[in-house]
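Residue-level listing of the chains:
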Amino acid sequence: MDFEGKRVIVTGAGKGIGRATAVMLARRGASVVALTRSPRDLETLEAEIGCISIAVDLADADATRAAARQALPADLLVNCAGTTELEAFLDVSVENFDLLHAVNTRAPMIVAQEFARERVASGRKGAIVNVSSCASFVGIPDHAAYCASKAGLDGLTRVMAKELGPKGIRVNGVAPTVTLTPMAVKAWSDPDKAAAMLTRIPLGRFAEPDDIAEVILFLLTDAAGMVHGLSMPVDGGYLIA
Ligand code: NDP
């Protein structure tokens, strides 16, 4: 997979899957525009891959739109930033519900709107990958707001695919299982819970960030030229188990 000459926006590039994706893209020739929150992460990423860095809180809609415009033009977009809060359904707060939807669902929409408007205006093709989750397909206890936000993102992916496909922009999602990142530490550090999850993954392990990044990169390339509108599980078989 050669990304020479391609400029790629990656949100959430500071840590975890987004960082692995940004590094892999840069190693394969891409020029990366990293959008994330922590300035320290941007500094270290810039030192590692020479990316363009834009610090933004993606929970802020206006700041997100301004950051997306600043990142343009770009050939490809990876909406990877995401966040979670664990709460039993009976205790889900409106604040956390809104926060998760703002970061996990609304921000990808805003960034993709700005990306796609520029592509259409300049008559250029493009591709978008939205990083969703297996939590979009199944109900996971204590993840109500997260599951809802990712199911919303998959809905967005399908509509974007219908509307943007005819304009030359392919849109897909990936749906990882538990992936060993800082977010997974927050959500799966209880050993009993993690062990129960692991028994449901036929390949017998959690994902590494590079497992997900490889699939994201594939979906961005012309090799995936007829793959469109999917939220592709990258789950070691979790969803069929
Ligand atoms: P991490 O928490 O490891 O990294 C998330 C990245 O997104 C960080 O760089 C973080 O920046 C950034 N981010 C989070 N909130 C904001 C915000 N408000 N504004 C700007 N940047 C923000 O997460 P993962 O790598 O694990 O997750 C990446 C994606 O994969 C997410 O969409 C997640 O939902 C999804 N996913 C993860 C799974 C897992 O098990 N890890 C499983 C399935 C899906 P900062 O640290 O500065 O806040």
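Residues numbered from 1 in each chain as written. Predicted model: local features only at pLDDT ≥ 70, side-chain atom pairs only at ≥ 80, totals over all residues. Heavy atoms only, no water.

What about the overall build of the chain?
This is how the line gets drawn: A run of H or I in DSSP becomes a helix once it reaches four residues, and a run of E becomes a strand once it reaches two; helices and strands are each numbered from the N terminus. Atoms counted for the radius of gyration: C-alpha only. Globule rule: 2.2 Å times residue count to the power 0.38. Partly exposed describes any residue whose relative accessible area lies between the buried limit of under 20% and the exposed limit of over 50%, with all areas from a 1.4 Å probe on protein chains only and scaled to the type maximum. In what follows, a contact means two residues having at least one pair of non-hydrogen atoms within 4.5 Å. We count Lys and Arg on the positive side and Asp and Glu on the negative side, and we leave His and both chain ends out. Note on charges: their place is set at NZ of Lys, CZ of Arg, CG of Asp or CD of Glu.
Counting secondary structure elements, the chain contains eight helices and seven strands. Taken against the 2.2 N^0.38 rule, which gives 18 Å for 241 residues, the C-alpha radius of gyration of the chain at 17 Å falls within 12% of a compact globule. Its C-alpha atoms give the chain principal-axis dimensions of roughly 50 × 40 × 35 Å. Looking at the chain as a whole, 52% of its 241 residues qualify as buried. Across the chain, every contact between residues at least 6 apart in sequence was considered, and the portion connecting residues at least 24 apart equals 71%. Separation between the mean location of the 24 positive side-chain charges and that of the 28 negative ones in the chain comes to 7 Å.

Notes on the nonpolar core
Just so we agree on the cut-off: Residues belong to one nonpolar core when they are buried, are Ala, Val, Leu, Ile, Met, Phe, Trp, Tyr or Cys, and are joined through side-chain atoms within 4.5 Å.
Counting 34 residues, the largest nonpolar core has Val8, Leu25, Val78, Val174, Ile216 and Leu220 as the members making the most contacts within it. Going through the elements one at a time, strand S1 (7-11), helix H1 (16-27), strand S2 (31-36), helix H2 (39-49), strand S4 (76-79), strand S5 (126-131) and helix H8 (209-220) are the ones with two or more residues in this core. Take this core: its biggest share by element is seven residues, from H8. Setting aside chain neighbours within four positions, we find Val8 in contact with Leu25, Ala30, Ser31, Val32, Val33, Leu76, Val78 and Leu220. Membership of the second largest hydrophobic core comes to 26 residues, among which are Ile9, Ala71, Ile169 and Val171.

Quick notes on the packing of aromatic side chains
To keep it simple, the criterion reads: Two rings belonging to Phe, Tyr or Trp (six-membered ring only in the last case) form a pair when the distance between their centres is within 6.5 Å. Interplanar angles under 30 degrees mark stacking, angles over 60 mark edge-to-face geometry, and anything in between is tilted. Note on geometry: a ring has a charge over it if NZ (lysine) or CZ (arginine) is within 6 Å of the ring centre and within 35 degrees of the ring normal.
Enumeration over the complete set of coordinates arrives at zero aromatic pairs. Over the aromatic face of Trp188 sits the side chain of Lys193, whose NZ or CZ is 4.6 Å from the ring centroid.

Describing the site of the ligand
Quick reminder of the rule: By convention in this text, a residue qualifies as near a molecule or strand provided that one of its non-hydrogen atoms is within 4 Å of it. The term polar contact refers here to a pair of N or O atoms within 3.5 Å; inside protein, the definition further demands a hydrogen-donor-capable atom paired with an acceptor-capable atom, and it admits residues adjacent in sequence only when both atoms are side-chain atoms. Residue burial considers only the protein chains on display, and all accessible areas are found by Shrake-Rupley using a 1.4 Å probe.
Taken together, 29 residues form the shell around the ligand, and within it Lys15, Arg37, Tyr146, Thr179 and Thr181 come nearest. Separating an oxygen atom of the ligand from a side-chain N or O atom of Thr36 is a distance of 3.1 Å. Considered on its own, the ligand offers 890 Å² of accessible surface; in the complex 93% of this is hidden by protein. Secondary structure elements with two or more residues in the shell around the ligand: H1, helix H5 (144-164) and helix H6 (182-188). Broken down by element, the residue count for the shell around the ligand peaks at three residues, all from H6.

Here we look at the pattern of salt bridges
Condition: Each reported salt bridge corresponds to a side-chain nitrogen of Lys or Arg within 4 Å of a carboxyl oxygen of Asp or Glu.
Evaluation of the coordinates by the stated rule reveals 12 salt bridges. Close ionic contact of Arg65 with Glu114 constitutes a salt bridge, the shortest N to O distance being 2.6 Å. Taken as a pair, Arg65 in helix H3 (residues 61-71) and Glu114 in helix H4 (residues 94-122) lie far apart in primary sequence, 49 residues in all. According to the relative accessible area criterion, Arg65 is partly exposed, its value standing at 22%. Note that Glu118 is salt-bridged to Arg119, the shortest N-O span being 3.1 Å. Overall, Arg119 belongs to the buried group, its relative accessible area being 3%. Residues joined in a network through salt bridges with shared partners are Arg65, Arg69, Glu114 and Arg117.

Some thoughts on the side chain of Asp235
Take Asp235: it is sitting in the segment after strand S7 (231-234). Among buried charged residues, Asp235 stands out as having no salt bridge; its nearest opposite-charge side chain is Arg200, 8.9 Å away. Apart from the residues lying within four places of it in its own chain, the contact partners of Asp235 are Cys134, Ala175, Thr177 and Ile201.

Here we look at H2
Our working definition: Working definition: the arc comes from the directions between the helix axis and the C-beta atoms, pointing outward to the latter.
Looking only at H2, the buried set comprises Asp41, Leu42 and Leu45. Projection of H2 onto a plane perpendicular to its axis shows the buried side chains occupying an angular sector of 95°, all on one side. Away from its buried face, by an angle of more than 90 degrees, H2 presents the exposed residues Pro39, Arg40 and Ala47. On its buried side, H2 packs onto H1, S2 and strand S3 (52-55).

Observations regarding the state of the cysteines
The following threshold applies: Counting rule for disulfides: a pair of cysteine sulfur atoms within 2.5 Å.
Here the structure, examined in full by the defined rule, presents zero disulfides. Free cysteine: Cys51, not disulfide-bonded; nearest cysteine sulfur from Cys80 at 14 Å. The class of Cys51 is buried, set by a relative accessible area of 6%. No disulfide involves Cys134; its sulfur sits 10 Å from the nearest other cysteine sulfur, which is in Cys147.

So, H1
Quick note on the threshold: In this analysis, the expected span of each helix is defined as 1.5 Å times one less than the number of residues it contains.
Compared with the 16 Å implied by 1.5 Å per residue over 12 residues, the 17 Å span of H1 between its first and last C-alpha is a close match. What H1 keeps buried is the set Gly16, Ile17, Gly18, Arg19, Ala20, Thr21, Ala22, Val23, Met24 and Leu25. Following H1 by one or two positions, Gly29 has its phi on the positive side, about 105°.

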